[in-house]
Structures are given as structure tokens and as C-alpha cells.
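# Summary of structural features
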Amino acid sequence: EAQVTQNPRYLITVTGKKLTVTCSQNMNHEYMSWYRQDPGLGLRQIYYSMNVEVTDKGDVPEGYKVSRKEKRNFPLILESPSPNQTSLYFCASRTDRLRGKLFFGSGTQLSVL
Amino acid sequence: GQQLNQSPQSMFIQEGEDVSMNCTSSSIFNTWLWYKQEPGEGPVLLIALYKAGELTSNGRLTAQFGITRKDSFLNISASIPSDVGIYFCAGQQGEGAQKLVFGQGTRLTINP
């Protein structure tokens with residue numbers, strides 16, 4: 001089954017404790033991206049990657065890091081999480097040929113205390 | 001960052017009613033998309049629009065790409081309980097542009 005898989009689904013952590021949210025897609029998509037969803041703000045892009053070893057900042061990159069060492073994986077790293085990073089996070093991917101048609105993972109609800 | 005203005009923010013309707021929502025921008029987009037998010041899941045693509053004036057249907061859903069390329073509309077006819085969710089519009093500006101800009105979402109609640 002074609003899918004984008006994120007882990008974990010839920011995560012509660014404390015301020016300053018490094019964490020990684022994993023994302024993997026099995027569709028051989030070139031493009032991958034991370035979004036955060038906050039009430040009243042919709043989905044805002046954090047980082048995106050157009051292919052292996054190619055990453056770029058989205059609208060809200062502060063406090064986040066990403067890497068794209070393999071085509072299928074695009075982990076999101078929070079080196080020192082803060083409470084304002086409490087949010088619902090989505091990973092998404094698409095092929096270059098399908099303009100705008102993103103496939104989303106099921107989301108990771110992160111709470112930073 | 002740029003964001004689309006989506007309205008209404010929420011809707012409470014009776015089953016069987018028709019629904020309309022829209023999205024506007026001060027900038028021109030060459031692709032408009034509508035996604036639906038159900039509780040506990042990520043957004044799923046409903047309709048994609050690629051030409052100004054284009055009208056596209058997907059079952060009871062109909063979406064239009066505004067002539068000015070600065071807006072889009074989504075209509076749902078004869079709503080049913082499974083239509084409940086958050087609907088997002090999204091726009092992309094260029095052929096090579098990699099960023100998809102999202103609206104704030106419209107939360108649809110249906111009373112049976």
C-alpha cells in the first residue's frame with residue numbers, strides 16, 4: 001500500500017530534550033516536506049526537500065532541522081524543543097510530475113512541557 | 001509567510017444541506033487544490049484545479065478555479081455525516097515552485 005509513515009503518533013517531552021520524528025514514504029517520491037498544524041493557522045511549511053541531499057527552509061524553520069540521506073526518509077529533528085513547538089506535525093511527499101498533489105502521513109501530536 | 005484567506009472558519013449544518021466555502025489571495029496562483037482532513041488523519045486530496053475558470057467535480061463535490069486566479073470555491077451538495085472534517089484550500093504559484101500555501105481550514109460539523 002502506498003503510504004507516508006510517521007512515527008511516533010504521539011510524543012510528550014520536556015523542554016530542551018532532543019527528539020526526532022521519523023518519516024518514510026514507499027512511493028519513490030522525489031519531494032518531501034514537513035508541516036505543522038496549529039488552530040486558526042492551517043498548515044505551515046517547516047522544511048522541504050526536492051531530492052536526496054537537497055533541503056530548503058519553508059515558512060517556519062526556526063528550531064528545526066532535517067536531513068535527506070535517502071530518498072525514502074526525511075526525519076524532523078528538534079535539537080532543543082520549546083513549548084511553542086507543541087503542535088501537530090505532518091510529513092508529506094509527492095512526485096515531481098503531480099503538481100501540488102501531496103500525500104500526507106497520519107500526523108505526530110507533539111507536546112513540549 | 002504567505003497564507004490564503006479561507007472562509008468560513010467553521011460551519012454547522014443539517015444533514016442534507018449544501019455547503020459552500022471559498023479561498024482568496026492577493027497573489028495569483030496557477031494551481032488550486034482542496035484537501036479534507038478527518039480526525040486523527042492527515043489531509044487527503046479531493047480536487048486539483050490547473051486552469052483559470054476550470055470547474056471540476058468529484059462525486060458530490062464541485063470546485064472552481066477563479067477567473068482572476070486569486071480565488072477558488074468548493075461546494076458540497078446534499079451533505080452526509082461522513083463529510084465531517086476540516087477542509088483546506090491550497091495554492092501553488094509557479095510551475096517550478098515547490099511551496100504549497102494552505103488556507104486556515106474550514107471545520108464542517110453536521111447535525112444528523
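What you see is a predicted model, and the numbers here were worked out from it, not measured in a lab.

This next bit is on the sheet that holds strand S3 (residues 19–25) of chain A. Residues and elements named next belong to chain A. Within the open sheet, the four strands sit side by side as S1-S3-S8-S7. Their pairing is antiparallel. Either end of the sheet is taken by a strand with one partner, and the two such strands are strand S1 (4–7) and strand S7 (65–66). With three bridges joining them, S3 and strand S8 (residues 76–78) adopt antiparallel strand pairing. If you follow Val21 over to S8, its bridge partner there is Leu76.

Our next topic: the nonpolar core. If you look at the biggest cluster of nonpolar residues, it comprises 22 residues, and the most contacted ones within it are Leu74 and Leu108 of chain B. Among the secondary structure elements, those contributing two or more residues to this core are strand S2 (10–14), strand S3 (19–24), strand S4 (31–37), strand S5 (44–49), strand S7 (61–65), strand S8 (71–76), strand S9 (85–92) and strand S11 (106–111) of chain B. Setting aside its immediate chain neighbours within four residues, Leu108 of chain B contacts Met11, Ile13, Val19, Ile76, Asp83, Val84, Gly85 and Tyr87 of chain B. Ranked by size, the runner-up nonpolar core spans 19 residues in total, among them Leu19, Cys23, Ile46 and Tyr47 of chain A.

Once that is clear, we can look at the pattern of salt bridges. All names here are of chain A. For the structure shown, the criterion picks out six salt bridges over all chains. Asp38 is the partner of Arg36 in a salt bridge, and the nearest nitrogen-oxygen pair spans 2.8 Å. Judged by its relative accessible area of 11%, Asp38 falls in the buried class. Arg44 is the partner of Asp38 in a salt bridge, and the nearest nitrogen-oxygen pair spans 2.9 Å. Residue classification places Arg44 among the partly exposed positions, given a relative accessible area of 24%. Connected through shared salt-bridge partners, Lys18, Lys65 and Glu79 make up one network.

Further remarks concern unusual backbone geometry. Of the consecutive residues Asn7 of chain A and Pro8 of chain A, the connecting peptide bond is found in the cis state with omega at 0°. The residue Pro8 of chain A is located in the loop between S1 and strand S2 (10–13) in this model. Cis peptide bonds are those with omega within 30 degrees of zero, and the linkage from Ser7 of chain B to Pro8 of chain B qualifies with -5°. Structurally, the position occupied by Pro8 of chain B is in the loop between strand S1 (5–7) and S2. With a phi angle near 65°, Glu53 of chain A is a residue other than glycine that sits in the positive phi range. Along the chain, Glu53 of chain A falls in the loop between strand S5 (42–51) and strand S6 (54–57). Despite not being glycine, Ala78 of chain B shows a phi value in the positive range, around 45°. Relative to the elements of secondary structure, Ala78 of chain B occurs in the loop between S8 and S9.

On to the sheet that holds S8 of chain B. All names here are of chain B. Across the sheet, five strands lie side by side as S1-S3-S8-S7-S6; this open sheet has antiparallel pairing. Each of the sheet's edge strands pairs with one partner strand only, and the pair in question is S1 and strand S6 (55–58). Pairwise comparison of adjacent strand axes, ignoring direction, gives a mean angle of 15° for this sheet. When S1 meets S3, the two strands line up antiparallel, connected through three bridges. Looking across to S3, one finds that Gln6 is bridged to Cys23.

Each value, and the rule that gives it
Residues numbered from 1 in each chain as written. Chains lettered and ligands numbered in written order. Predicted model: local features only at pLDDT ≥ 70, side-chain atom pairs only at ≥ 80, totals over all residues. Heavy atoms only, no water. Pairing = 2+ DSSP bridges. Helix = DSSP H or I, 4+ residues; strand = E, 2+ residues; numbered from the N terminus. Core = buried A, V, L, I, M, F, W, Y, C linked by side-chain atoms within 4.5 Å. Buried < 20%, exposed > 50% of the residue type's maximum accessible area, 1.4 Å probe, protein only. Contact = heavy atoms within 4.5 Å. Salt bridge = Lys/Arg side-chain N within 4 Å of Asp/Glu carboxyl O. Axes fitted to C-alpha atoms, helices over the stretch in contact; angles between N-to-C directions.

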